[in-house]
Amino acid sequence: MAPPVASRTGFSRRAQYSVFIAYVAAGVGVVVGALLVLLSAFDPPAFAALRSGVAEITTPISSGFHGLRRAATVPGGLTDYFGGADKIRALRKQLADEHAIVMRARTINRENARLRALLRARDVDPTPVVVARLVNSSGSSARRFATLNAGKFQGVEPGQPVRGPEGLIGRVLETGLNASRILLLTDAESIVPVRRTRDGLPAIASGRGDGTLDIRSAGSVNAAFRRGDAFVTSGTGGIYPPNIPVARIMTDARDAALGQPFANPDALDFALVQRAFLPALPPPPTATEAK
Amino acid sequence: MTAPRPSKFGEPISARRRSLVAAGVVMLGSLLPIVPVVASIPYLPPFGLLLLLAWRLRNPAILPVWAGAPLGLWDDLLSGQPLGSAVSLWTATLIVIDILDHRLVWRTFWQDWMIAAIAVAVFLFGARLASTPLTAHVDGVILIQIIIAAALYPLAARACGRVDEIGQRPR
């Protein structure tokens, strides 16, 4: 069978005009779409209100499905019972080995607290804003966004860091009333200042878009990264509080290396929204105020 | 004015209802990203576009050529692509298919599948260029996404065919 062919109009003026108008409308659609893309490129939060309006409706649905998924997942604890005796022996040995380290750490901790009290160092305490779940993500787009099941009503605001139990997940990008959009660590436009736990080497962790991170040295030239080096947030920049685990290096390299994020945003677990580490600076005084 | 009573002698649903059903099916397909998974790479196919292509390639009279703009706007609001990318690329795709229709007089399912695969590839790469910087390492995963999407076109065509068949069945 030959497929039906688009719009043969014949001699009817009416049919000819309606076909013509449909093509004009389509052409206008293409141009308007391209303009919207340009607008989004220069001003990304331009259509946040529209997007979060739709998210208000879809997030409860996602959240319901998420509950079903959690209910249907087999508990991972079952397999722990196999070879239990060997595991217990290994754990006992590990406990004994690490006893000395723990004792030393406790001493250092106490000494640290005493010295801090002497210095009267003022610690910024990262207070949590809300604990919620990540319910879905932009699974069909090259960007890495996730939707958090909490919004303005729960006190979530753009720019706040989001972390999971294992490490940093990302930061809040747009907020709706009850849902907000999170920029994940692995997005190609995400940049996090980090430092190495071993020696405090400063570095920058930027997302690659394929689930891994690029970690580049920010301090010394020709810095060596070793496989297994762990990086935590440094607190530079004011968004992310210091000492949240970020990533572990996957291969030996110099200056720039591939990192695997610690946090798994797809874990059936909670995400913790915290306040931005340092509040945003007040706007500079205008000319009229200065007079 | 009330709608005319449906005939007992087997009239299919009206052309307007058929278009609305088709648009509804495409909008449902665009809802795919709300599945409760936080993906670390893009692997979900643009199912709204697959369904739109399936309707268009089934019969050009069902959806008008400008339908890509409103349906694309709905998809953009859900997918995380920059707003406007599906608006323009989906509409442009429909225009190109209209042009192809006058060139390729005789096409079978294999040609439909090829057209759909090319359209999906153009859309995903276009949206990638619009959304992420050129230095991002996403081209490999997008290639996999294109293959997944192209492999799912027969499913979309089957779904549209099934829905359309129910509407056109004499009642």
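Residues numbered from 1 in each chain as written. Chains lettered and ligands numbered in written order. Predicted model: local features only at pLDDT ≥ 70, side-chain atom pairs only at ≥ 80, totals over all residues. Heavy atoms only, no water.

J.: Report on the overall build of chain A, specifying residues and quantitative values.
T.: Scanning chain A from N- to C-terminus turns up 4 helices and 14 strands. Relative to all contacts within chain A whose residues are 6 or more apart in sequence, the contacts with residues 24 or more apart total 58%. For chain A, the computed accessible surface area is about 17400 Å², with 62% contributed by carbon and sulfur atoms. (Helix = DSSP H or I, 4+ residues; strand = E, 2+ residues; numbered from the N terminus. Contact = heavy atoms within 4.5 Å. Areas by Shrake-Rupley, 256 points an atom, 1.4 Å probe, with all protein chains shown as cover.)

J.: Just give me the short version of unusual backbone geometry, but keep the residues and values in it.
T.: All names here are of chain A. In this structure, Asn 243 is a non-glycine residue whose phi angle is positive, near 70°. Position of Asn 243 relative to the elements: it lies in the loop between strand 10 (230-233) and strand 11 (245-249). You will see that Asp 255, though not glycine, has its phi angle at about 65°, which is positive. One can find Asp 255 in the loop between strand 12 (253-254) and strand 13 (256-261).

J.: Can you lay out the pattern of salt bridges for me, pointing to particular residues and giving the numbers?
T.: Considering all chains together, one arrives at 20 salt bridges over all chains under this definition. Note that Arg 89 of chain A is salt-bridged to Asp 86 of chain A, the shortest N-O span being 3.0 Å. Taken together, the positions of Arg 89 of chain A and Asp 86 of chain A, both in helix 3 (residues 84-119) and 3 residues apart, correspond to about one turn of that helix. Asp 86 of chain A shares its class with Arg 89 of chain A; the two are exposed. The residue Arg 208 of chain A makes a salt bridge to Asp 210 of chain A at a minimum N-O spacing of 3.6 Å. The exposure class assigned to Arg 208 of chain A is buried, which follows from its relative accessible area of 14%. The class for Asp 210 of chain A is partly exposed, based on a relative accessible area of 23%. Each member of the salt-bridge network shares a partner with another, and the members are Arg 56, Asp 98, Asp 101, Arg 107 and Asp 112 of chain B. (Salt bridge = Lys/Arg side-chain N within 4 Å of Asp/Glu carboxyl O. Buried < 20%, exposed > 50% of the residue type's maximum accessible area, 1.4 Å probe, protein only.)

J.: Account for the sheet that holds strand 14 (residues 270-274) of chain A, with residues named and values stated.
T.: What links the strands of a sheet is backbone hydrogen bonding, and the strands pair in either a parallel or an antiparallel sense. Residues and elements named next belong to chain A. What the 6 strands build is a closed barrel, ordered 1-2-5-4-3-14; its pairing is antiparallel. Sheet twist, expressed as the mean angle between neighbouring strand axes with direction ignored, is 40°. Taken together, the 3 bridges between strand 3 (residues 161-163) and strand 4 (residues 168-175) define a ladder with antiparallel strand orientation. Note that in strand 4 the partner of Val 162 across the bridge is Gly 170. Most of the contacts of helix 2 (residues 48-72) go to strand 1 (residues 128-137), to which it runs at about 85°, and overall it touches strand 1, strand 2 (145-148), strand 4 and strand 5 (180-184). (Pairing = 2+ DSSP bridges. Axes fitted to C-alpha atoms, helices over the stretch in contact; angles between N-to-C directions.)

J.: Kindly report on helix 4 (residues 85-103) of chain B, identifying the contributing residues and their values.
T.: Look at helix 4 of chain B: 27 Å from first C-alpha to last across 19 residues, which is about the 27 Å you get at 1.5 Å a residue. Within helix 4 of chain B, the full set of buried residues consists of Ser 85, Ala 86, Val 87, Ser 88, Trp 90, Thr 91, Thr 93, Leu 94, Ile 95, Ile 97, Asp 98 and Asp 101 of chain B. On its buried face, helix 4 of chain B is in contact with helix 1 (13-42) of chain A together with helix 1 (15-30), helix 2 (47-58), helix 3 (68-79) and helix 5 (109-131) of chain B. (Expected span 1.5 Å × (residues − 1).)

J.: Lay out the interface of chain B and chain A in plain terms, naming residues and giving numbers.
T.: Opposite the 54 residues of chain B that make contact, chain A presents 53 residues. Interface area for chain B against chain A, summed over the two sides, is near 4400 Å², with a carbon-plus-sulfur share of 66%. Taken as a group, Pro 36, Val 38 and Leu 83 of chain B account for 17% of the area that chain B buries against chain A, more than any other trio of residues on that side. At the junction of chain B with chain A, the criterion picks out 0 salt bridges. In this structure, the connection of chain B to chain A is made through 14 residue pairs in polar contact (both at pLDDT 80 or more). Breaking the side of chain B that touches chain A down by element, the ones donating at least two residues are helix 2, helix 3, helix 4, helix 5 and helix 6 (139-151) of chain B. Per element, the largest residue contribution to the side of chain B that touches chain A is 9 residues, and it comes from helix 4 of chain B. (Buried area = accessible area lost by both parts, 1.4 Å probe. Polar contact = N/O pair within 3.5 Å; in protein donor to acceptor, adjacent residues only side chain to side chain.)

J.: Tell me what's going on with the side chain of Asp 98 of chain B, and back it up with residues and numbers.
T.: Residue and element names in this part refer to chain B. Of note, Asp 98 is situated in helix 4. For Asp 98, a relative accessible area of 7% gives the class buried. Within polar-contact distance, the side chain of Asp 98 engages the side chain of Arg 56 at 2.4 Å.

So far we have only geometry, and geometry alone does not tell us how the molecule works.
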